[in-house]
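Spelled out from the first residue to the last, the chains are:
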Amino acid sequence: GMPIIYVVTPTYRRPEMIAELTRLGQTLTMVQRVHWIVAEDSSTCTSAITNLLQRLGLPYTHLATPMPDIYRKERYVPRGVSNRRAALAWVKENGDDNGVLFFLDDDNAIDIRLFDEMRSTDKVSMWPVGLIGDYTVSSPVVNDGKVVGFYDGWPAGRKFQVDMAGFAVGVAYLKKQKKVTMPYIAGHEEDGFLKSLNLSVKDIEVRADGCTTILVWHTRTAKNPSRLLKLDHHQNDNIKL
Ligand code: UDP
Ligand code: MN
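The following paragraphs examine the structure supplied in this document. Since this is a predicted model, take the numbers as computed values, not measurements.

**Some thoughts on the pairing of strand 10 (residues 167-170)**
Phase 1: Neither face of strand 10 is left uncovered, since the one carrying Phe167 and Val169 and the one carrying Ala168 and Gly170 both have all their residues buried.
Phase 2: In this structure, strand 6 (residues 124-126) lies alongside strand 10, joined through three bridges in antiparallel fashion. Among the inter-strand pairings, Met126 is bridged to a residue of strand 10, identified as Phe167.

**Comments concerning a nonpolar patch on the surface**
Phase 1: On the surface, a nonpolar cluster with roughly 360 Å² of combined accessible area is contributed by Tyr135, Val141, Val148 and Tyr151.
Phase 2: Summarising the element assignment, Val148 is placed in strand 9 (residues 146-151).

**A short note on the packing of aromatic side chains**
Phase 1: The final tally for this structure, using the stated rule, is nine aromatic pairs.
Phase 2: Their ring planes at 65° and their centres at 5.9 Å tell us that Phe102 and Trp127 sit as a pair that is edge-to-face. Of this pair, Phe102 sits in strand 4 (residues 100-103) while Trp127 sits in the loop between strand 6 and strand 7 (129-130); the two residues are 25 residues apart in sequence, bridging distant segments of the chain. For the pair shown, Phe102 and Trp127 are each scored as buried.

**Some remarks on unusual backbone geometry**
Only a minority of non-glycine residues have a phi that is not negative, and only a minority of peptide bonds are not trans.
Phase 1: With phi around 50°, Ala156 is a residue other than glycine that occupies positive phi space.
Phase 2: Relative to the helices and strands, Ala156 is located in the loop between strand 9 and strand 10.

**Remarks on helix 7 (residues 189-196)**
Phase 1: Helix 7 sits mainly inside the fold: seven of its eight residues count as buried.
Phase 2: Among the residues of helix 7, Glu189, Glu190, Asp191, Gly192, Phe193, Leu194 and Ser196 are the ones counted as buried.
Phase 3: Elements that come into contact with the buried residues of helix 7 comprise helix 4 (81-94), strand 4, strand 6, strand 10 and helix 6 (171-176).
Phase 4: The first or second residue beyond helix 7 is Asn198, which carries a positive phi of 60°.

So, how was this worked out
- Residues numbered from 1 in each chain as written.
- Chains lettered and ligands numbered in written order.
- Predicted model: local features only at pLDDT ≥ 70, side-chain atom pairs only at ≥ 80, totals over all residues.
- Heavy atoms only, no water.
- Buried < 20%, exposed > 50% of the residue type's maximum accessible area, 1.4 Å probe, protein only.
- Helix = DSSP H or I, 4+ residues; strand = E, 2+ residues; numbered from the N terminus.
- Pairing = 2+ DSSP bridges.
- Patch = residues over 30% accessible without salt bridge, like charges linked within 9 Å, V, L, I, M, F, W, Y side chains within 5 Å.
- Areas by Shrake-Rupley, 256 points an atom, 1.4 Å probe, with all protein chains shown as cover.
- Salt bridge = Lys/Arg side-chain N within 4 Å of Asp/Glu carboxyl O.
- Phe/Tyr/Trp six-rings, centres within 6.5 Å; stacked < 30°, edge-to-face > 60°.
- Contact = heavy atoms within 4.5 Å.

Right under this line is the structure:
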């Protein structure tokens, strides 16, 4: 049958969390054969997320894996690594060999047509990401259907200059790799992960009409400064005043 897409969403407790996850989760209900892995940067599973997952009716896995304290103290904190690592371990252990892994941050915006693009991924597929960085788009550069470089506002010596939402990985290929990891290095999470997959640039499978179409955006939500929002409402499904 149709390959399952394992959508890995790292998240952490703050006033916007349930709003972000509600919007994203309801988008995912429009997609066939997705399994949503919500990976919390926390030592416990938040009940408001459990309730949301149950209401949505999607196949899901709910994990809680806090960031070690040493990384929280860094100048540039590597966000969402402990929880993405836990999700990776889950997929390596439980993922269907026919499936596909895709990282999707809780605050991003996605066109559901992107799932059709990534569903057939052998090793790693890639496409552009909009609304990101100084160039406003980050994308593989394609010539003759092959990736020949990257267009990205922050090269930083990276072999793979891509955003977390800019690629998908075949689960069978992932399982074959012996040293899969994601580094606790802010800005280098994607590059470090893709390098750990033993991937060559020539192996990248080009999607989204030769990387000419933007189907996912690195949107960010402004922090709401309201004093009321600083209260922890997440034990309830909604903010009940
Ligand atoms: N995140 C996390 N723990 C943190 C900060 C962020 O798990 O301490 C998650 C967050 O929910 C998001 C992803 O990691 O899904 C990336 O974080 P954010 O959107 O803040 O970073 P950006 O890439 O937009 O700068
Ligand atoms: Mn973000």
